[in-house]
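Observations on chain architecture
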Amino acid sequence: MAERRRGGYRIEREVLDELSVEEVAEKTDSKVPLKERVKESVRCSGSRAKRCVFGCVPVLSWLPRYNFREWAVGDLVSGISVGIMHLPQGMAYALLAAVPPVFGLYSSFYPILVYFIFGTSRHISVGTYAVMSVMIGGVTERLAPDSDFLLWNNETNGSVLDVVARDAERVKVAAAVTFLSGVFQILLGLVQFGFVVTYLSEPLVRGYTTGAAIHVIVSQLKYTFGLSPTRFSGPFSLLYTVLEICSLLPETNIGTLVVSAVSVIALIGAKEVNTLLARKLPVPIPVELITIIIATVISWQCNLDTQFGVEVVGEIPSGLQPPVLPAASIFGQVIGDAFALSVVGYGIAISLGRIFALKYGYKVDSNQELVALGLSNSVGGMFQCFAISCSMSRTMVQESTGGKTQVASGLSAVVILIILLKLGELFQQLPKAVLAAIIFVNLHGMMKQFMDIRSLWRSNRVDMIVWVMTFILTLLFNPDLGLAASIAFSMLTVIFRTQLPRYSILGQVPGTDIYRPVEEYKLVKQIPGLVIFRSSATVYFANAEMYVDALAEKSGIDIAKILSIKKKQQAKQLRREKREAKRQRKEMKEAKREEGEMEEPQNGQTDEVNVEEGLQPGPALPNAIILDLSPVNFLDTVGVKTLRNICRDYGDVGVAVFLSGCQDCVVENLERGGFFSDKVTKAAIFSTVHDAVLHCQRDASTETTQEMKGTYF
């Protein structure tokens, strides 16, 4: 192994405290008055208006510069390929949303056109998505359960489900919650709230989508076995549903089960062939489309619905629906679900959008993405669509088949339009079991996310705990409440990590100005007479007391004990002085009686005791303590008060305290918190630990340092 080469360098400068830095750098007041900021924000110019329009409607900026020669063919092939995928996925995910399959096709058409105009990502494929669909299904089945649409049949003396009325009500609910989620996204985008996605860490998103995938699988078991289980809602509803399906297994429709099994096996086999031939084929084989075509033909020829009781898609109307305003009366019942949908949909879309933007070297505007998705959902809600997001599988196909811009998505919408106008009614005999099989096979990617647990165990166990807890909470509380609980738990882990930071005493790396924890390096030694203390987290109300305790433990200075001894010594000294004064008065009275006059006591005759006896810095007490605040990025009032108390208490026992590595915002927090005074200035703060060390070493043998002790605060 080649020896590492070290380049020699030498730095010479004066030791700089915060006051010196401000002098040398000529610090200025960089704050712009509020009036000026408001004036600047409302100022208008031609270039600014142009940027605003292009920012709000991105298609105006990139479409005029579209390169037909290089991009047209790739976008055309990609658009057709993705459009073909939209057909089976749209119909299948409509089952998850508990609405008729044709509304899945609507959701694959209107929102895509809106995103084409307002979106900033060139590669993601928006449209129906499994997780969003199952969340919608939870809302529609909760507000429009089958039990509300049972009619009495006099001929059979039994209840009959009014499917038409039920589906109409569920479409109304889905459209309302979709419209409201779009409004939330627009509002969040307009107030520049795109950073909300930062609360959705990658482990949280992957754990959440894995848990939601389990909900999706369980919700489709009824179509796989041909059962009609009871609808459960609330916590543990997934467990109740599984138990209900298990109890109904003896009633399984054999024809439906055979269709499901054959479809799953065929899809898995075809996808494996697709994977093996991926490099040789210019376009992936549309296995899902081929499967539903074959299944539809077989179902039509064999009359699977009448002969074997296999449930089929049913009527698919041709043409487009006119826009209808959502039922505002439902908004109050779905406001929580709508907000959860808006956050989940945006989090998934922006995550994928950023991945491809980084890969191809362009920027995705997070706030504009919120607005684009919000408009897609709000407009889609008026056309009776359900909430959409970005699909990983379609996005990968769009990118791998040569898609360069959102023109590919626009072309895929055209494919869906043709199907809606002309070809939709051809799929009326398609068994729903085939759509459930498509969902199962498409979820295999999410099931692979269980492998995250092993990798996270090795890399970051806190993230692994977030993944596992998100998965469990999503299973227990359903996708909507599970998301809120998961975000709360994720934020708690951040609080716990700041409440349990790592405290260390620093020593100097020999021959350098670098300081590292002494317990982690063999050659790093603590500087005699100095204690350099560092916390790995900021100092605020939640861990301020632990910071003080850790400093006492690491430095070996028991402030309470020393101050107690000092008070006892002061009390003892006071008692001695009183006894001495009493003795002197008695002696003077006796001398007056004997000599007839009062003699004044001679100076220096009192047995004075040094109050500070046993408290002067020696082997037990350092000359100074340096608090390294470089990891600290803010201080609240409790943090400022804690630092002030530390300096006062340690100063009272003769140990000077200095601060180092303070960021500008921390210095500002100290100023606002009343840390500085006439006796305490910014000269007590140093830019680096080494500056503070050199200052202490330079003044260790002078009276200046001694005077600072005890009078520092």
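Refer to the structure presented above.
Residues numbered from 1 in each chain as written. Predicted model: local features only at pLDDT ≥ 70, side-chain atom pairs only at ≥ 80, totals over all residues. Heavy atoms only, no water.

Section: empty space enclosed by the protein
The condition is simple: Of the two site types, the cavity is a set of points on a 1 Å grid over the protein atoms alone where a 1.4 Å probe fits but cannot get out, and the pocket is an open set with protein on both sides within 12 Å along at least five of seven lines, each lined by residues with an atom within 4 Å of a point. Grid points are joined across faces, edges and corners, and a volume is the space filled by probe spheres set on the points. Helical segments are the DSSP runs of H or I of at least four residues, strand segments are the runs of E of at least two, and each set is numbered from the N terminus. The residue classification treats Ala, Val, Leu, Ile, Met, Phe, Trp, Tyr, Cys and Pro as nonpolar and Asp, Glu, Lys and Arg as charged. All others, Gly included, are polar.
Enumeration according to the criterion identifies one cavity of 30 Å³ or more in this entry. What the largest cavity holds in volume is close to 60 Å³. Lining the largest cavity are Leu200, Leu204, Val205, Tyr208, Thr209, Val344, Gly347, Ile348 and Leu483. Elements with a contribution of two residues or more to the lining of the largest cavity: helix H10 (202-225) and helix H15 (331-360). Sort the elements by how many residues they give to the lining of the largest cavity and H10 lands first, with four residues. Partitioned by chemical class, the residues of the lining of the largest cavity number seven nonpolar, two polar and no charged.

Overview of the pairing of strand E8 (residues 624-628)
Operational definition: Relative accessibility under 20% of the residue-type maximum defines a buried residue, over 50% an exposed one, and the middle range a partly exposed one, all with a 1.4 Å probe and only protein chains included. At least two bridges found by DSSP between two strands is the condition for calling them paired. Convention used here: a crossover is right-handed provided that the path from the first strand, over the helix, to the second strand proceeds clockwise when the strands point away from the viewer.
Counted residue by residue, E8 has five buried out of five residues, so it is predominantly covered. Of the two faces of E8, the one carrying Ala624, Ile626 and Asp628 and the one carrying Ile625 and Leu627 are both buried. Note: E8 against strand E9 (residues 656-660), five bridges, orientation parallel. Residue pairing in the sheet places Leu627 in a bridge with Leu659 of E9. Crossover connection from E8 via helix H25 (residues 637-652) to parallel E9: handedness right-handed.

Considering unusual backbone geometry
The backbone of Ala98 sits at a positive phi, close to 60°, despite the residue not being glycine. Structurally, Ala98 is set in the loop between helix H5 (68-96) and helix H6 (102-107).

Here we look at a nonpolar patch on the surface
The test is simple: Nonpolar side chains (Val, Leu, Ile, Met, Phe, Trp, Tyr) within 5 Å and like charges within 9 Å form the patches, drawn only from residues with over 30% relative accessible area and no salt bridge. To be clear on the numbers: accessible area is Shrake-Rupley with a 1.4 Å probe, and residue cover counts the displayed protein chains and nothing else. Salt bridges are identified by distance alone: a Lys or Arg side-chain nitrogen within 4 Å of an Asp or Glu carboxyl oxygen.
Together, Val273, Leu276, Leu277, Ile285, Ile290, Ile294 and Ile298 line one region of the surface with nonpolar side chains, adding up to about 590 Å² of accessible area. Among the elements of the structure, helix H12 (254-276) and helix H13 (287-302) are those that each provide at least two residues to the nonpolar patch. Element by element, the count of residues in the nonpolar patch is highest for H13, at three residues. If you trace the backbone, Ile285 turns up in the loop between H12 and H13.

Observations regarding the side chain of Ser181
As a reminder, the rule being used: Should any heavy atoms of two residues lie within 4.5 Å, those residues are counted as being in contact.
Mapped onto the elements, Ser181 comes out in helix H9 (residues 163-190). By relative accessible area, which is 1% here, Ser181 ends up buried. In this view, Ser181 contacts Ala338, Leu341, Ser342, Asn377 and Ala387; residues no more than four positions away in its chain are not counted.

Some remarks on the sheet that holds E8
An order of E6-E5-E7-E8-E9-E10 is seen for the six strands of this open sheet, with the pairing classed as mixed. Two strands bound the open sheet, and with one partner strand each, they are strand E6 (515-517) and strand E10 (685-686). Across four bridges, strand E5 (residues 503-508) lies against strand E7 (residues 530-535) in antiparallel orientation. If you follow Ile505 over to E7, its bridge partner there is Phe533.

A few points about a positive patch on the surface
Our working definition: None of His or the chain ends enter the tally, which takes Lys and Arg as positive and Asp and Glu as negative. The atom standing in for a charge is NZ when the residue is Lys, CZ when it is Arg, CG when it is Asp and CD when it is Glu.
Residues Lys582, Arg585, Lys586 and Lys589 make up a contiguous surface patch of positive charge. Among the secondary structure elements, Arg585 is positioned in helix H24 (residues 559-595). Owing to a relative accessible area of 47%, Arg585 belongs among the partly exposed residues under this scheme.

Details of the side chain of His123
For clarity, the cut-off: Under the rule applied, a polar contact is a pair of N or O atoms within 3.5 Å (in protein, one hydrogen donor and one hydrogen acceptor; residues adjacent in sequence only if both atoms are side-chain atoms).
With respect to the helices, strands and loops of the structure, His123 is situated in the loop between helix H7 (110-118) and strand E1 (126-127). His123 sits in the buried class, given a relative accessible area of 3%. At 3.0 Å, the side chain of His123 forms a polar contact with the side chain of Tyr362. The contacts of His123, once residues within four sequence positions are left out, are Phe356, Tyr360, Tyr362, Thr395, Gln398, Glu399, Gly403, Lys404 and Gln406.

Brief notes about the packing of aromatic side chains
Put simply, the test is: Two rings from Phe, Tyr or Trp (for Trp, the six-membered ring) form a pair when their centres are within 6.5 Å of each other. A pair whose planes differ by under 30 degrees is stacked, one over 60 is edge-to-face, and the rest are tilted. For a lysine, the NZ atom is tested; for an arginine, the CZ atom; a charge sits over a ring if that atom is within 6 Å of the ring centre and within 35 degrees of the ring normal.
Tallying each qualifying case throughout the model produces 18 aromatic pairs. Measuring from ring centre to ring centre gives 5.5 Å for Tyr66 and Trp71, while their planes differ by 70°; the resulting arrangement is edge-to-face. Ring centres of Tyr503 and Phe533 lie 5.8 Å apart, and the angle between their planes is 10°; on these two criteria the pair is classed as stacked. Of this pair, Tyr503 sits in strand E5 while Phe533 sits in strand E7; the two residues are 30 residues apart in sequence, bridging distant segments of the chain. Owing to a relative accessible area of 0%, Phe533 belongs among the buried residues under this scheme. The rings of Tyr66, Phe68 and Trp71 are connected pair by pair, giving a single aromatic cluster. The positively charged end of Arg461 is found above the aromatic ring belonging to Trp457, 3.8 Å away from the centroid.

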